[in-house]
Every structure is written in C-alpha cells, then in structure tokens.
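# Architecture and fold: a report
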Amino acid sequence: GAGVSQSPSNKVTEKGKDVELRCDPISGHTALYWYRQSLGQGLEFLIYFQGNSAPDKSGLPSDRFSAERTGGSVSTLTIQRTQQEDSAVYLCASSKGLAGTANTGELFFGEGSRLTVL
Amino acid sequence: AQRVTQPEKLLSVFKGAPVELKCNYSYSGSPELFWYVQYSRQRLQLLLRHISRESIKGFTADLNKGETSFHLKKPFAQEEDSAMYYCALKSAGKSTFGDGTTLTVKP
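Presented here is a report on the structure given in the accompanying data block.

Parameters and conventions
Sequence order as written defines the numbering, with residues in each chain counted from 1. Each chain is given a letter, starting from A, and each ligand a number, starting from 1, according to the order in which they appear as written. Local features in this predicted model are restricted to residues whose pLDDT is 70 or higher, and side-chain atom pairs enter the listing and the counts only when it is 80 or higher, whereas totals over whole chains, interfaces and linings include all residues. Based on all heavy atoms of the structure, the side-chain values leave hydrogens and waters out of the count. Going along the chain from the N terminus, every DSSP run of H or I of four or more residues is numbered as a helix, and every run of E of two or more is numbered as a strand. The size measure is the radius of gyration over C-alpha atoms, and the globule rule it meets is 2.2 Å times the number of residues to the 0.38 power. Per-residue accessibility, obtained with a 1.4 Å probe over protein chains only, is compared with the maximum for each type, and a residue is labelled buried under 20%, exposed over 50%, and partly exposed between these values. We call two residues contacting when some pair of their heavy atoms lies within 4.5 Å. The protein chains shown are the only cover counted for residues, whose accessible areas, like all others here, come from Shrake-Rupley with a 1.4 Å probe. Under the counting rule used here, the positive set is Lys and Arg, the negative set is Asp and Glu, and His together with the chain ends is not counted. Note on charges: their place is set at NZ of Lys, CZ of Arg, CG of Asp or CD of Glu. Put simply, a salt bridge is a Lys or Arg side-chain nitrogen that is within 4 Å of an Asp or Glu carboxyl oxygen. Two aromatic rings, drawn from Phe, Tyr or Trp (for Trp, its six-membered ring), form a pair once their centres lie within 6.5 Å of each other, and the interplanar angle then sorts them: stacked below 30 degrees, edge-to-face above 60, tilted otherwise. Both a distance and an angle decide whether a charge sits over a ring: NZ of Lys or CZ of Arg must be within 6 Å of the ring centre and within 35 degrees of the ring normal. A pair of cysteine sulfur atoms is labelled a disulfide when the two atoms are within 2.5 Å. Joining two parts hides part of their accessible area as seen by a 1.4 Å probe, and the buried area is that hidden amount summed over both. In protein, a polar contact requires one atom able to donate a hydrogen and another able to accept it; more generally it is a pair of N or O atoms within 3.5 Å, and residues adjacent in sequence count only if both atoms are side-chain atoms. All residues other than Ala, Val, Leu, Ile, Met, Phe, Trp, Tyr, Cys, Pro, Asp, Glu, Lys and Arg, Gly among them, are scored as polar; the first ten of these are nonpolar and the last four charged.

## Focus on the overall build of chain A
Across its full length, chain A carries 0 helices and 10 strands. The secondary structure elements of chain A, listed N-terminal to C-terminal, are β-β-β-β-β-β-β-β-β-β. The C-alpha radius of gyration computed for chain A amounts to 14 Å, which stays within 12% of the reference 13 Å derived for 118 residues, consistent with globular compactness. Counting all 118 residues of chain A, 49% fall into the buried class. Contacts in chain A between residues far apart in sequence, at least 24 positions, make up 56% of those at least 6 positions apart. Total accessible area on chain A is roughly 5,800 Å²; 45% of this is exposed by carbon and sulfur atoms. For chain A, the centre of its 11 positive side-chain charges and the centre of its 12 negative side-chain charges are spaced 2 Å apart.

As structure tokens, then:
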C-alpha cells in the first residue's frame, strides 16, 4: 500500500522486557515522527527525523526510549525494560519535509502499534 | 515553546445543531495550524489547514492571531461527525498536538 505502515499492530509484553516497534513511511517522505497516544490523553510527541539532520529527541520520556531511522526510510522505536506506564498506542507519521511548494505540511499517520505491558 | 490547548475533552450536541471545537495556541512566530480527525477504527487524518482557508465536510476554522485561536466550526452537525478531533501547530517541521476533543453528535 501507499500509506504509512506500522508493525506489530498489537504487542503484549511483560514488565521489564524490551520491545521494538517498526514504521515504514510513505516513499519519498523525508520527515518521520513518533507520537504516543495514551488513554484519555492527547498525542504526545516523542521524536522527529528530518532527512539526514540530527533527530529532535526532545519528547522521549526517558533514556529507556530510543529510535533510529536507517537509510532515511524505515524507523524503529525501541523501549527497553518496559514499564506498565509505557502501555499506549504508538503512532508513526510521515510528511514531505520542510521545503517546497508541494509540501502542505500534512502528516500522514499509520494505524499505530498498541503496546500493553503486563 | 509551542503549546496547543483544547479546553474541552468531551463535547456533545444534537444533530442539526451548530458545533464549535475550541483550540488555543501559544507560539511566538507565524504558526501553521491544522485540524486532524480520527473516526472510530480509522487512522488519524488531516481535516483542514488554516493556510488553505477551505471548508471540508462543512467544517471551517479561522485563525485569529489576536486571540491566538483556531476554533473549528460547523453550522449543522451530522451524526457522522462523531469522532476525536485534534488541533495541531507546526513549526520548523515539528507538529505539536492538543489533547483532543471527542465530539458526539446525538440523533
């Protein structure tokens, strides 16, 4: 498909385990974002990648969270030593990036990865 | 720092009634503002952006720089408008979202 793809769609893990969440952005989109959507709360910004620039990691809640983006395309969000408060839906989005008249600024979202930490 | 505030977590109206979802922002520069919508069991998607000054599904939103607001309005709500609505501010590539408002349109 042509949309943003995320996997797994659901993940149940035990407290203390590590998890990896994957995001395949839309081809050609240079910007990639991770957000967290918790029950009853809004969209919490986690991290933002733009092209080859250093990522904006200002939203990562602790050093247990990290993300990388290989080859300017696929991204992986890793949560180490998961805690129950990490349970949430993790959303990935991509956009065309900063410059250009074709850039409307719109974010295209995936369906999310629902993480449950027991 | 940029911030988006949506004061209402829940909003309920009857079909055919006007609806307004409030959004206020704080940002020192010229903002790019958006409304996103998430219908049940669907992914989050763009509804409209202020720069286009468009009406989508009967919704409009006007940027008021004096009041730093970007409220979403529709004169006659429909049941299919029931969804979660997020206001977002984009600056230097990064998008900041409000906490969202769940709109329920009752028959």
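Here the narrative resumes.
## Focus: the pattern of salt bridges
If the charged atoms of two oppositely charged side chains come close together, the side chains can form a pair. Residue and element names in this part refer to chain B. Scanning all chains against the criterion turns up 9 salt bridges over all chains. Note that Lys-73 is salt-bridged to Glu-20, the shortest N-O span being 3.7 Å. With Lys-73 in strand S8 (residues 72–74) and Glu-20 in strand S3 (residues 19–21), this residue pair connects regions lying 53 residues apart in the sequence. Of the residues examined, Lys-73 reaches a relative accessible area of 40% and is grouped as partly exposed. Taking the relative accessible area as the measure of exposure, Glu-20 reaches 29% and is therefore partly exposed. Taken together, the salt bridges that share partners define one network made up of Glu-20, Lys-22 and Lys-73.

## Quick word on the packing of aromatic side chains
What characterises a pair of aromatic rings is the spacing of the ring centres plus the angle enclosed by the ring planes. Evaluation of the coordinates by the stated rule reveals 11 aromatic pairs over all chains. Ring geometry for Tyr86(B) against Phe97(B): centres 6.4 Å apart, planes inclined by 85°, an arrangement best described as edge-to-face. Here Tyr86(B), found in strand S9 (residues 83–91), pairs with Phe97(B), found in strand S10 (residues 94–97); they are 11 residues apart in sequence, far enough to count as distant. Among the residues examined, Tyr86(B) registers a relative accessible area of 0% and is labelled buried. One aromatic cluster is present, built from ring pairs that chain together Tyr33(A), Tyr35(A), Phe45(A), Tyr48(A), Phe109(A), Phe34(B), Tyr36(B), Tyr86(B) and Phe97(B). Sitting over the ring of Phe14(B), Lys106(B) keeps its end group 4.4 Å from the ring centre.

## Focus on the state of the cysteines
Residues and elements named next belong to chain A. Within this structure, the stated rule accounts for 2 disulfides over all chains. Through a disulfide, Cys-23 is tied to Cys-92; the S-S separation comes to 1.9 Å. Across the S-S bond of Cys-23 and Cys-92 the torsion is about -65°, and the bridge reads as left-handed. With Cys-23 in strand S3 (residues 19–24) and Cys-92 in strand S8 (residues 88–95), this pair connects stretches of sequence that are 69 residues apart. Across the pair, exposure class does not vary: Cys-23 and Cys-92 are buried alike.

## With respect to the interface of chain A and chain B
In this assembly, 22 residues from chain A lie in contact with 18 residues from chain B. Of the roughly 1,700 Å² buried at the junction of chain A and chain B (both faces included), carbon and sulfur atoms supply 49%. Here Lys94(B) makes a salt bridge to Asp56(A), at a shortest N to O gap of 3.9 Å. Where chain A packs against chain B, one counts 7 residue pairs in polar contact (both at pLDDT 80 or more). At the level of elements, strand S4 (31–37) and strand S5 (43–50) of chain A are the ones that each hand at least two residues to the side of chain A that touches chain B. Looking at the side of chain A that touches chain B residue by residue, the class counts come to 9 nonpolar, 10 polar and 3 charged.

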